[in-house]
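Spelled out, the chains give:
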Amino acid sequence: MKSTGEILVIGGGIISLAIALELKRQGASVTIVCRDFTEAATHAAAGMLAPQAERIPPSPLLDLCLRSRALYANWTQKLEELTGLETGYWACGILAPAYQENLALKADNLESVWLDRATIHQSQPGLGSDVIGGWWFPEDAQVDNRLLAKALWVAVQELGVEIQTGVTVEKIVQNGDRVTHLQTSAGTWQADHYILATGAWSQTLLPIPVTPKKGQMLSVQMLPESMPLQTVLYGSDSYLVPRQDGRIIIGATSEDVGFTRGNTPLGIQRLLSAAIRLYPALQNDPIQEFWWGFRPATPDELPILGASPYRNLTLATGHYRNGILLAPITGVTIANLVLHQKFDPLLDAFHWSRFNP
Ligand code: GLY
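The text that follows walks through the structure, step by step, so that each part is easy to find. Small disclaimer: the values here were computed from a predicted structure and weren't measured.

1. Details of the overall build of the protein
Next, step 1: Per the secondary structure count, the protein includes seven helices and 20 strands.
Next, step 2: At 21 Å, the protein has a C-alpha radius of gyration in line with the 21 Å of a compact globule built from 357 residues.
Next, step 3: Structurally, the protein occupies a C-alpha span of about 65 × 40 × 40 Å along its principal axes.
Next, step 4: The buried share among the 357 residues of the protein stands at 56%.

2. A look at the pattern of salt bridges
Next, step 1: On inspection of all chains with the given rule, the structure shows 15 salt bridges.
Next, step 2: Between Arg243 and Asp144 there is a salt bridge; the shortest N-O distance is 3.7 Å. Placement of Arg243 in the loop between strand 16 (239–242) and strand 17 (247–251) and of Asp144 in the loop between strand 8 (141–142) and helix 5 (145–159) is noted, with a sequence separation of 99 residues between them. With respect to class, Arg243 is no different from Asp144; both count as buried.

3. Quick look at the pairing of strand 19 (residues 304–307)
Each regular strand displays side chains that alternate between the two surfaces of the sheet.
Next, step 1: When strand 19 meets strand 20 (residues 313–317), the two strands line up antiparallel, connected through four bridges. Across the sheet, the residue bridging to Ala307 is Thr314, located in strand 20.

4. Considering the site of the ligand
Next, step 1: What surrounds the ligand is the set Met48, Glu54, Tyr239, Ala252, Arg295 and Arg321.
Next, step 2: The separation between an oxygen atom of the ligand and a polar side-chain atom of Arg295 is 2.7 Å.
Next, step 3: Arg321 places a polar main-chain atom, nitrogen or oxygen, 2.8 Å from a nitrogen atom of the ligand.
Next, step 4: Relative to its unbound accessible surface of 200 Å², the ligand loses 85% to contact with the protein.
Next, step 5: Classifying every residue of the shell around the ligand gives three nonpolar, no polar and three charged.

5. Some details on the sheet that holds strand 7 (residues 133–137)
Strand pairing within a sheet occurs via backbone hydrogen bonds; the two strands may be parallel or antiparallel.
Next, step 1: In space, the eight strands of this open sheet follow the order 6-7-5-15-16-17-14-18, with mixed pairing throughout. Lying at the two open borders of the sheet, with one neighbouring strand each, are strand 6 (113–116) and strand 18 (287–297). Neighbour to neighbour, the strand axes of the sheet diverge by 25° on average, direction disregarded.
Next, step 2: Pairing geometry for strand 16 and strand 17, over four bridges, is antiparallel. If you follow Leu240 over to strand 17, its bridge partner there is Ile250.
Next, step 3: The strands touched by helix 6 (residues 265–278) within the sheet are strand 5 (94–98), strand 14 (211–221), strand 15 (232–234), strand 16, strand 17 and strand 18, with strand 14 carrying the most contacts at an inclination of about 55°.

6. Concerning the packing of helix 1 (residues 14–25) against helix 3 (residues 60–83)
Next, step 1: At a minimum axis separation of 14 Å, helix 1 and helix 3 run at an interaxial angle of 75°. In this view, helix 1 runs roughly perpendicular relative to helix 3, as classed from their interaxial angle. In this structure, helix 1 contributes Ile14, Ala18, Leu21 and Arg25 to the contact, and helix 3 contributes Tyr72, Trp75, Lys78 and Leu79.
Next, step 2: Partitioning the contact of helix 1 with helix 3 into residue classes produces six nonpolar, no polar and two charged.

7. With respect to the packing of helix 3 against helix 5
Next, step 1: Axis separation between helix 3 and helix 5 bottoms out at 9 Å; the angle between their running directions is 60°. It follows from the interaxial angle that helix 3 and helix 5 lie oblique. As for how helix 3 packs across helix 5, the hand of that crossing is left-handed. Taking contact as the criterion, the partners of Tyr72, Trp75, Thr76, Leu79, Leu82 and Thr83 in helix 3 are, on helix 5, Leu148, Ala151, Leu152, Val154, Ala155, Glu158 and Leu159.
Next, step 2: Residue classes in the contact of helix 3 with helix 5 are distributed as 10 nonpolar, two polar and one charged.

Parameters and conventions
- Residues numbered from 1 in each chain as written.
- Predicted model: local features only at pLDDT ≥ 70, side-chain atom pairs only at ≥ 80, totals over all residues.
- Heavy atoms only, no water.
- Helix = DSSP H or I, 4+ residues; strand = E, 2+ residues; numbered from the N terminus.
- Rg over C-alpha atoms; globule rule 2.2 N^0.38 Å.
- Buried < 20%, exposed > 50% of the residue type's maximum accessible area, 1.4 Å probe, protein only.
- Salt bridge = Lys/Arg side-chain N within 4 Å of Asp/Glu carboxyl O.
- Pairing = 2+ DSSP bridges.
- Near = heavy atom within 4 Å.
- Polar contact = N/O pair within 3.5 Å; in protein donor to acceptor, adjacent residues only side chain to side chain.
- Areas by Shrake-Rupley, 256 points an atom, 1.4 Å probe, with all protein chains shown as cover.
- Nonpolar A, V, L, I, M, F, W, Y, C, P; charged D, E, K, R; others polar.
- Axes fitted to C-alpha atoms, helices over the stretch in contact; angles between N-to-C directions.
- Contact = heavy atoms within 4.5 Å.
- Parallel < 35°, antiparallel > 145°, perpendicular 65-115°, else oblique.
- Left-handed = near helix turned anticlockwise from the far one by under 90°.

Okay, here's the thing in structure tokens:
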């Protein structure tokens, strides 16, 4: 039996890393165990920090997302200072062009501006001619999720978190209301407390309703002579996320196909036609990469955060479309819960028992 000390975090994505970072910062002894760091949805994401562009209605989820967005600038700055690595955080705002008048409706009191046809085409040249206007969300932002994941990985290691990759957790073994140990591909592992942050794969370990929702993506490299895109474009059928190195990330499909791997002609064709309609200026830019990932979806599209049926197991999964955005707030709230039993009332809406009343 391998004893990993105080807290064992299961999962190799941004949620697991953000929790481990905060636990370690507060002095805990932490081990991360994961099967394959590169499989996490973290690497497939576009990195939009977009509670407003995603049109999340006023709700506990919107509150959680807004709180996390507010933490981002400082959180990434500290990570960059600690590691000397870039995270690509960019407070670039998000423009949501519309093709129809009814998309001009607005449901919250957050900062946003409706741009009419003339204004939107002037503020972002290169948009499709059938864009009739659009919302400008100046507080939405983006981060380069792959750079961020690397910085987090380095940061937790520098702080002394032990990371064990290539280890599959096969079973969470329980006795009464406690987890006694993990059965893994590398033997049995034991800790005082366990945190489950295994995203789309969570249901292989616990009967909680988290299922994969596949997203296909691609990127192009803007040519030097192309119209520069300086803000995220969030269209009705695709989004375009420009990076500071000249790439544009194009996303994403949303498919119920289980863990079926790979890009498909239909998925990529839909993304390309939506992207060219939205921003024809990119149509001659060279394609750079295709990829896909699996969002962890729950039936009500809300994450599962906090207590579990077991006293020494905490849940942090099901972040669906907002895993990158919700990483800082998940790290802080889960660490405070595990280390100090400090329950943030905002977590109430995300309790696992809503699926097992
Ligand atoms: N957050 C964007 C997506 O999941 O496609």
